[in-house]
Amino acid sequence: MNHFTSIQDLGPAGVESILAKATAWKGKFPKHLTDKLLGMVFFNPSLRTRASFEAVMVRGGGNAVVLEVGNGVWKLEDRLGAIMDGDRAEHVKEAVPVLARYVDALAVRTFATCSDDDADNLDPVLNAFRQYSTVPVISMESAREHPCQGLADLLTVKETFGTTKKVPVTLTWAPHIKPLPKAVPNSFLLTAAAAGCEIRVARPEGFDLHPSVLAEAQSLAAYTGGSVTITDDQNEALHGAKAVYAKAWGPSTVSGLGPDAVKSNALWMLNREHMAKAAAGAIFLHCLPVRRNVEVADEVLDHPSSRVVDEAENRFHVQRALMDWLLNA
Ligand code: CP
């Protein structure tokens with residue numbers, strides 16, 4: 001039985017295979033999921049993830065059951081040995097195997113603390129689903145990674161440039177009104193490394209991604225012929241980039257910066273002048289939702305080089321390929 005909760009579950013060859021199937025199936029609607037049922041458990045809200053997974057299941061001939069934890073569904077405890085005298089009425093030790101008896105696969109969206117990078121890196125809720133499920137588990141974003149998003153991002157790069165190998169891509173930190181999880185930047189970095197891109201990560205001092213993610217990305221890039229460089233010079237990182245990915249994330253918890261730090265560095269908001277430093281024909285990417293004129297200026301999002309809607313559409317295509325691998329391989 002396969003799970004898909006991390007780009008590690010696919011590896012570089014698996015990433016290539018999923019992107020190839022997603023491309024081959026564009027415009028086609030095989031009933032590859034006939035009578036298959038996906039359980040979707042949300043601890044956090046969603047627009048794209050929920051709609052795209054439901055669309056994958058229904059268009060593939062199957063169906064989905066959607067549960068929003070704490071909204072008509074018991075709040076779930078995941079701590080081992082917890083004395084359950086609070087508002088969490090059910091433990092994942094029972095909830096996950098019970099749900100697994102009803103469905104063919106379980107998808108889960110968990111959350112990050114955004115205040116403890118080491119705890120978020122361990123991904124306790126997601127890993128409890130992996131441990132207690134008897135059917136394949138799919139991450140719809142966890143504390144550490146958002147691997148479906150990473151695949152959709154790289155499919156968009158591949159469609160634009162015909163390849164992902166050696167494509168210079170820049171992940172640039174963006175300001176926000178509050179600290180956000182690092183799952184999306186982690187997954188863009190890991191998936192781009194697995195796809196062989198030349199990656200530059202630009203972030204202000206104090207906003208490092210977790211060392212284990214950086215080490216994993218370096219290892220993947222060494223294997224695929226890509227590269228990873230980290231800088232606090234946004235303009236240097238943007239120079240010659242063919243894909244520019246803006247994303248807000250919270251400070252590293254060892255940096256000593258408080259949550260208000262995400263409102264500083266306002267000059268990092270991506271604007272037309274920033275994009276002018278990228279290569280001719282460069283595309284702009286963002287996972288969405290995006291706070292206009294806080295993270296990214298209107299002029300970037302509304303420019304023809306913005307591929308954010310295509311990128312969101314690609315969630316559907318990569319997830320069809322993933323469900324086929326998980327349920328039919
Ligand atoms: N990109 C993404 O995961 O969007 P949602 O949070 O709307 O699902």
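What you see is a predicted model; the values in this text were computed from it and never measured. (Residues numbered from 1 in each chain as written. Predicted model: local features only at pLDDT ≥ 70, side-chain atom pairs only at ≥ 80, totals over all residues. Heavy atoms only, no water.)

Focus: the sheet that holds strand β6 (residues 137-139)
Argument step 1. Taken in spatial order, the four strands line up as β2-β1-β5-β6 in an open sheet, and their pairing is parallel. Strands with a single pairing partner mark the edges of an open sheet, and in this sheet they are β2 (63-68) and β6. For this sheet, the mean inter-axis angle between neighbouring strands, taken without regard to orientation, is 20 degrees.
Argument step 2. In this structure, strand β1 (residues 37-42) lies alongside β2, joined through six bridges in parallel fashion. For Leu38, the partnering residue across the bridge sits in β2 and is Ala64. (Pairing = 2+ DSSP bridges. Helix = DSSP H or I, 4+ residues; strand = E, 2+ residues; numbered from the N terminus. Axes fitted to C-alpha atoms, helices over the stretch in contact; angles between N-to-C directions.)

A few points about the pattern of salt bridges
Argument step 1. One pass over the full model with this rule turns up 18 salt bridges.
Argument step 2. In this structure, the salt-bridge partner of Arg50 is Glu54, at a minimum N-O distance of 3.2 Å. On the criterion of helical spacing, the pair formed by Arg50 and Glu54 is a turn pair, its members being four residues apart in helix α2 (residues 48-59).
Argument step 3. Overall, Arg50 belongs to the partly exposed group, its relative accessible area being 28%.
Argument step 4. Among the salt bridges present, the one from Arg144 reaches Glu216, with a minimum N-O distance of 3.0 Å. Remark: Glu216 occurs in helix α8 (residues 211-224) and Arg144 occurs in the loop between β6 and α6 (147-161); sequence separation between them is 72 residues. The residues Arg144 and Glu216 share a single accessibility class, namely buried.
Argument step 5. Each of the salt bridges in this network shares a partner with another, and the network as a whole consists of Glu77, Asp78, Arg79 and Arg88. (Salt bridge = Lys/Arg side-chain N within 4 Å of Asp/Glu carboxyl O. Buried < 20%, exposed > 50% of the residue type's maximum accessible area, 1.4 Å probe, protein only.)

Quick look at the environment of Ala215
Argument step 1. Residue placement: Ala215 occurs in helix α8.
Argument step 2. C-alpha of Ala215 to C-alpha of Arg79: the two residues are 136 residues apart in sequence and 28 Å apart in space.

A short note on the pairing of strand β10 (residues 243-248)
Argument step 1. Among the six residues of β10, six are classified as buried, and the element is accordingly described as predominantly covered.
Argument step 2. Residues Ala243, Tyr245 and Lys247 of β10 are buried on one face, and the alternating residues Val244, Ala246 and Ala248, pointing to the opposite face, are buried as well.
Argument step 3. Two strands pair when backbone bridges link them, and strand β7 (residues 168-174) and β10 are joined in this way by six bridges, in the parallel orientation. Paired with Val169 across the strands is Ala243, a residue of β10.
Argument step 4. Pairing between β10 and strand β11 (residues 283-285): three bridges, direction parallel. Within β11, the residue paired with Ala243 across the bridge is Ile283.

Some words on unusual backbone geometry
Argument step 1. Following Leu288, the chain continues into Pro289 via a peptide bond in cis, with omega recorded as 0 degrees.
Argument step 2. Tracing the sequence through the fold places Pro289 in the loop between β11 and α11 (298-301).
Argument step 3. A positive phi angle, near 115 degrees, is found at Glu141, a position not held by glycine.
Argument step 4. According to the relative accessible area criterion, Glu141 is buried, its value standing at 15%.
Argument step 5. For Leu288, which is not a glycine, the phi torsion comes out positive at approximately 65 degrees.
Argument step 6. Looking at where Leu288 falls in the secondary structure, it is placed in the loop between β11 and α11.
Argument step 7. Overall, the relative accessible area of 19% leaves Leu288 in the buried class.

Topic: the side chain of Gln319
Argument step 1. Looking at where Gln319 falls in the secondary structure, it is placed in helix α12 (residues 308-328).
Argument step 2. Taking relative accessible area as the criterion, Gln319 reaches 0% and is therefore assigned buried.
Argument step 3. Only 3.0 Å separates the side chain of Gln319 from the side chain of Ser52, close enough to count as a polar contact. (Polar contact = N/O pair within 3.5 Å; in protein donor to acceptor, adjacent residues only side chain to side chain.)

Digging into helix α7 (residues 183-194)
Argument step 1. With 12 residues, α7 ought to run about 16 Å at 1.5 Å a step, and its terminal C-alpha atoms sit 16 Å apart, in line with that.
Argument step 2. Burial within α7 is extensive, with 12 of its 12 residues counted as buried.
Argument step 3. Every buried residue of α7 is listed here: Ala183, Val184, Pro185, Asn186, Ser187, Phe188, Leu189, Leu190, Thr191, Ala192, Ala193 and Ala194.
Argument step 4. One or two steps after α7, the chain reaches Gly196, where phi turns positive at roughly 85 degrees. (Expected span 1.5 Å × (residues − 1).)

Details of the nonpolar core
Argument step 1. Counting residues in hydrophobic clusters, the biggest one holds 65 residues, and the most contacted among them are Phe4, Leu38, Ile138, Leu151, Ile199 and Met323.
Argument step 2. Apart from the residues lying within four places of it in its own chain, the contact partners of Ile138 are Phe4, Thr5, Leu38, Phe53, Ala105, Leu106, Ala107, Val108, Cys148, Met323 and Leu326.
Argument step 3. Of all hydrophobic cores here, the second largest spans 19 residues; its members include Phe43, Leu99, Ala100 and Val103. (Core = buried A, V, L, I, M, F, W, Y, C linked by side-chain atoms within 4.5 Å. Contact = heavy atoms within 4.5 Å.)

Re the domain arrangement of the protein
Argument step 1. Taken domain by domain, the protein comprises domain 1 (7-145 + 315-328) and domain 2 (148-311).
Argument step 2. In total, about 2600 Å² of surface goes out of reach between domain 1 and domain 2, with carbon and sulfur atoms giving 61% of it.
Argument step 3. Among the residues domain 1 hides against domain 2, the three largest losses belong to Asp117, Arg144 and Arg315. Together they make up 23% of the total.
Argument step 4. One can count three salt bridges joining domain 1 with domain 2.
Argument step 5. Within the residue set of the side of domain 1 that touches domain 2, elements represented by two or more residues are α1 (11-24), α2, α4 (117-122), β6 and α12.
Argument step 6. The leading source of residues in the side of domain 1 that touches domain 2 is α1, at seven residues.
Argument step 7. Considered class by class, the residues forming the side of domain 1 that touches domain 2 number 14 nonpolar, eight polar and 10 charged. (Domains from an automatic or database assignment. Buried area = accessible area lost by both parts, 1.4 Å probe. Nonpolar A, V, L, I, M, F, W, Y, C, P; charged D, E, K, R; others polar.)

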